[in-house]
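Residues per chain, in single letters:
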Amino acid sequence: LGYRYSPKFLVSAGMWFLKKWKKSECLKELTLTDSSDYEESYIYRLSTISKLEWFKNIVLASSYQDSYVAFESARIQFRKDKNSGKSSSSKNDTYEKMAKNLLGNVPANVVYRLDVNFKIQEKNLDSFIGRSAHIRFLENQPLMRMIVTRYAEFFA
C-alpha cells in the first residue's frame, strides 16, 4: 500500500530528506506524493488493476520491527484512526480503497499473513530505526528456507 508514515521520526525525516535531495520518482510514488490527487498516484492506479485473484495462494510477510515498510502496508490491511475508529484523512481513505482494490476479489482462504519477529538483540542505529528487520527480510536465508519448507504447497 506504499509508505504512509513511520513511528520513527528519523525514518520519516530521512524519507523526506531523500525525496528532496535525490528527487527520487520512486520514493514519490511509494509515498503517494507523485500526484496532488492520491487517486491519481502511480501506486493507487496500480492497485486498480490488481489481478491477485489469479493466484492460488498469497503469502504476505510483515514485522512490527520493520519501520521502513509499514506493518499494515506489508499485510495489505488498513487500520482506522485509533481515537475515532474512523479514517481521518483523504490519504487514509485512499489506503482503505487500495486495500479493497487489491484484495476485494480474493477469497480470504488464499491469503496467508506471516508475522515475523527477528529477535534483534544488537543495539545500534539500524535496529533503532527499524532498518535491521527490513534488511533481514531481504537477506535472511534461513527464514526463506523455513517459509519454503513449511509452506511447500504454496510453491508447487
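Before any of the text, the structure's been laid out above.
What you see is a predicted model; the values in this text were computed from it and never measured.

Q: Would you take a moment to explain the pairing of strand β1 (residues 58-62) for this structure?
A: Within a regular beta strand, the side chains point alternately toward one face of the sheet and then the other, so they alternate between its two faces. Alternating residues of β1 divide into Ile58, Leu60 and Ser62, all buried, and Val59 and Ala61, none buried. As defined by bridge partners, β1 adjoins strand β2 (residues 111-115) across 5 bridges and the pair is classed as parallel. Within β2, the position partnered with Ala61 by the bridge is Leu114.

Q: Quick question: what am I supposed to make of helix α5 (residues 90-103) here?
A: One full turn of an α-helix is made of 3.6 residues, so residues set three or four places apart face in the same direction. Its 14 residues place the ends of α5 20 Å apart at the C-alpha level, agreeing with the 20 Å of an ideal helix rising 1.5 Å per residue. Every buried residue belonging to α5 is among Lys91, Asn92, Thr94, Tyr95, Glu96, Met98, Ala99, Leu102 and Leu103, and all of these are buried. The inward-facing, buried residues of α5 abut α3 (42-47) and β2.

Q: Would you mind showing me how to read unusual backbone geometry here?
A: Residues apart from glycine generally show negative phi values, whereas peptide bonds are mostly found in trans. Even without being a glycine, Lys23 presents a positive backbone phi close to 55 degrees. Relative to the helices and strands, Lys23 resides in the loop between α1 (9-22) and α2 (25-30). By relative accessible area, Lys23 is classed as exposed at 62%.

Q: Can you help me understand the nonpolar core in this one?
A: One finds Leu1, Ile76, Met98, Leu103, Val106 and Val111 to be the most contacted residues of the largest nonpolar core, which totals 16 residues. When residues of this core are traced back to their parent elements, those giving at least two are α3, β1 and α5. The greatest single-element share of this core, amounting to 5 residues, is contributed by α5. Setting aside its immediate chain neighbours within four residues, Ile76 contacts Leu1, Leu52, Leu60, Ala99, Leu102, Leu103 and Arg113.

Q: Would you mind showing me how to read the side chain of Ser62 here?
A: Mapped onto the elements of the fold, Ser62 is located in strand β1. In terms of polar contacts, Ser62 uses its side chain to reach the side chain of Asp115, at 3.3 Å. Beyond its immediate chain neighbours, meaning those up to four positions away, Ser62 contacts Phe71, Ala74, Arg75, Leu114, Asp115, Val116 and Phe137.

Q: Before we go on, may I ask you to explain the layout of surface pockets in this structure?
A: In this approach the atoms are scanned with a rolling probe the size of a water molecule, which exposes any empty space left behind. Approximately 260 Å³ is the volume attributed to the largest pocket. If you go around the largest pocket, you meet 15 residues; those closest to its centre are Leu1, Gly2, Ile43, Ser73 and Leu102. Listed by contribution, the elements that provide at least two residues to the lining of the largest pocket are α3, α4 (71-74) and α5. A total of 3 residues in the lining of the largest pocket trace back to one element, the largest contributor, which is α3. Of the residues in the lining of the largest pocket, the class split is 12 nonpolar, 3 polar and no charged.

Q: It is not clear to me how the packing of aromatic side chains should be interpreted in this structure. Could you clarify?
A: Each aromatic ring pair is summarised here by two numbers: the centre-to-centre distance and the angle between the ring planes. Taken as a whole and judged by the stated rule, the model has 4 aromatic pairs. Pairing Tyr112 with Phe154 gives two aromatic rings, centres 4.5 Å apart and planes at 40 degrees, and the pair type is tilted. With a gap of 42 residues between them, Tyr112 in strand β2 and Phe154 in the segment after α8 (141-150) connect regions that are remote in the sequence. For Phe154, a relative accessible area of 15% corresponds to the buried category. Residues Phe118 and Phe137 carry aromatic rings whose centres are separated by 5.1 Å and whose planes lie at 85 degrees to one another, so their mutual orientation is edge-to-face. Here Phe118 is found in the loop between β2 and α6 (125-129), whereas its partner Phe137 is found in helix α7 (residues 131-139), with 19 residues between them in sequence. Given the relative accessible area of 11%, Phe118 is considered buried.

Rules behind the numbers
Residues numbered from 1 in each chain as written. Predicted model: local features only at pLDDT ≥ 70, side-chain atom pairs only at ≥ 80, totals over all residues. Heavy atoms only, no water. Buried < 20%, exposed > 50% of the residue type's maximum accessible area, 1.4 Å probe, protein only. Helix = DSSP H or I, 4+ residues; strand = E, 2+ residues; numbered from the N terminus. Pairing = 2+ DSSP bridges. Expected span 1.5 Å × (residues − 1). Contact = heavy atoms within 4.5 Å. Core = buried A, V, L, I, M, F, W, Y, C linked by side-chain atoms within 4.5 Å. Polar contact = N/O pair within 3.5 Å; in protein donor to acceptor, adjacent residues only side chain to side chain. 1 Å grid on protein atoms, 1.4 Å probe; cavity = no way out; pocket = protein on both sides within 12 Å on 5 of 7 lines; lining within 4 Å. Points joined across faces, edges and corners; volume = space filled by probe spheres on them. Nonpolar A, V, L, I, M, F, W, Y, C, P; charged D, E, K, R; others polar. Phe/Tyr/Trp six-rings, centres within 6.5 Å; stacked < 30°, edge-to-face > 60°.

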